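Observations on chain architecture
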Amino acid sequence: MANIFIAHRNQTAEASLQHSFERSVRQLEGLTKRLIAWQPTPKEDDFPKPDLSEFGVPPDTPPENVQAELQSRTVAATAAVLTEAYGEGGQYQAEGYTIQSSPQDGGKTTYQVAERSSRQVVFAFERDDGVLNMLENQLTTEQTQDFLQVAQRITELGFEPLEQDTTGQTKAQILGQLAPSNQLQAQSVERPILKADRANDHAPVTALDLVQWRYASVVLGRGTHKTANITAMAQAAAKVQKQSFLQLYQQDRLASLSLQPEPADVSRMHKDIDQLKDLVWQIGPARVEQLYQMQQQLTQPVHIANNAQIQPTGSAQQLER
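Residues numbered from 1 in each chain as written. Predicted model: local features only at pLDDT ≥ 70, side-chain atom pairs only at ≥ 80, totals over all residues. Heavy atoms only, no water.

Below, the discussion takes up the pattern of salt bridges. Under the counting rule described, the total for this entry stands at eight salt bridges. Here Glu289 ties to Lys49 by a salt bridge, and the two come within 2.7 Å at their closest N and O atoms. With Glu289 in helix H10 (residues 285-297) and Lys49 in the loop between helix H1 (13-38) and helix H2 (63-86), this pair connects stretches of sequence that are 240 residues apart. We classify Glu289 as partly exposed; its relative accessible area is 22%. For Lys49, a relative accessible area of 39% corresponds to the partly exposed category. A cluster of three or more residues bridged by salt bridges with shared partners is formed by Arg222, Arg268 and Asp272. (Salt bridge = Lys/Arg side-chain N within 4 Å of Asp/Glu carboxyl O. Helix = DSSP H or I, 4+ residues; strand = E, 2+ residues; numbered from the N terminus. Buried < 20%, exposed > 50% of the residue type's maximum accessible area, 1.4 Å probe, protein only.)

In terms of burial, strand S5 (residues 131-137) is a largely internal element, six of the seven residues being buried. The pairing of strand S4 (residues 121-128) with S5 spans six bridges and is antiparallel. Of the residues in S5, the one forming a bridge with Glu126 is Asn133. Hairpin geometry of S4 and S5 is characterised by an intervening segment of two residues between the two adjacent antiparallel strands and by a positive phi of about 55° at Asp129. (Pairing = 2+ DSSP bridges.)

For the protein chain, mean pLDDT is 77; residues scoring 70 or higher make up 72% of the total. Within the model, pLDDT remains below 50 along residues 57-61, and this stretch shows six contacts once partners closer than five positions in the same chain are excluded. With pLDDT under 50 throughout, residues 183-199 is counted as low confidence; its partners more than four residues away or in other chains account for 38 contacts. (pLDDT = per-residue confidence, 0-100. Contact = heavy atoms within 4.5 Å.)

What follows is the structure, given as structure tokens:
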């Protein structure tokens with residue numbers, strides 16, 4: 001029978017057993033350390049995702065306010081379409097309204113809708129690559145219905161009957177108070193100071209801003225470099241507070257962060273968040289989340305410069321590259 005203590009001939013049985021035990025412990029420690037090193041490190045600071053239902057409306061907003069915003073965005077889209085179809089020199093004269101479009105720096109365009117009779121501006125919005133940002137809304141219920149009815153008729157009938165109309169009768173029936181006026185002479189519209197509904201580019205950046213921006217960056221295909229840059233900004237802000245960004249976000253997502261981003265980054269952040277918000281209203285939160293998942297899986301995400309690239313119906317994978 002082989003001597004199991006052959007390696008320790010000059011030791012007592014007890015000493016040999018002790019040595020073997022210690023070596024086994026060291027082996028176990030080595031294997032355990034290798035196993036831990038091989039396994040993916042648990043993410044202590046998983047980046048949170050925004051609640052898409054909050055886009056366009058504050059948390060816990062009653063349904064009627066959601067409907068009101070959807071209506072105002074429909075009014076804006078209708079005004080823009082009619083100005084493009086029938087406007088001259090950026091101005092559209094309708095039977096009951098005047099719509100003035102004005103190009104701004106950075107490719108944006110502002111629109112003002114005025115009552116034809118009083119010339120008072122009752123509605124204003126901004127359009128940037130198709131993204132709508134409401135600026136002012138003083139429309140009465142009847143005025144809102146003027147636009148909503150026209151939007152529905154155009155959606156149902158299209159522009160073909162209007163383009164074939166030579167007498168103006170069809171336009172008058174379908175467009176009502178928004179039908180082209182016989183007075184084609186452009187008139188100047190008084191332009192009051194617009195009341196923007198959000199902070200300017202010098203406003204402090206919050207944790208919610210970064211969460212929404214990072215999500216938007218993925219959805220809109222801005223690339224892994226941009227996403228990583230946003231993540232690094234978030235982690236740097238959290239490090240100042242000596243906690244993880246997830247903890248910082250959960251503690252107070254609206255608190256100002258200790259960040260001094262470049263003005264260009266802040267401007268890009270606002271633009272991407274606005275575009276994401278517009279996309280949520282266009283195709284719904286569920287399809288936006290599908291798009292988020294799809295973009296994450298692509299080696300080269302599709303850069304969505306304009307939301308018109310996204311099909312209004314069908315699968316979230318239907319987008320124009």
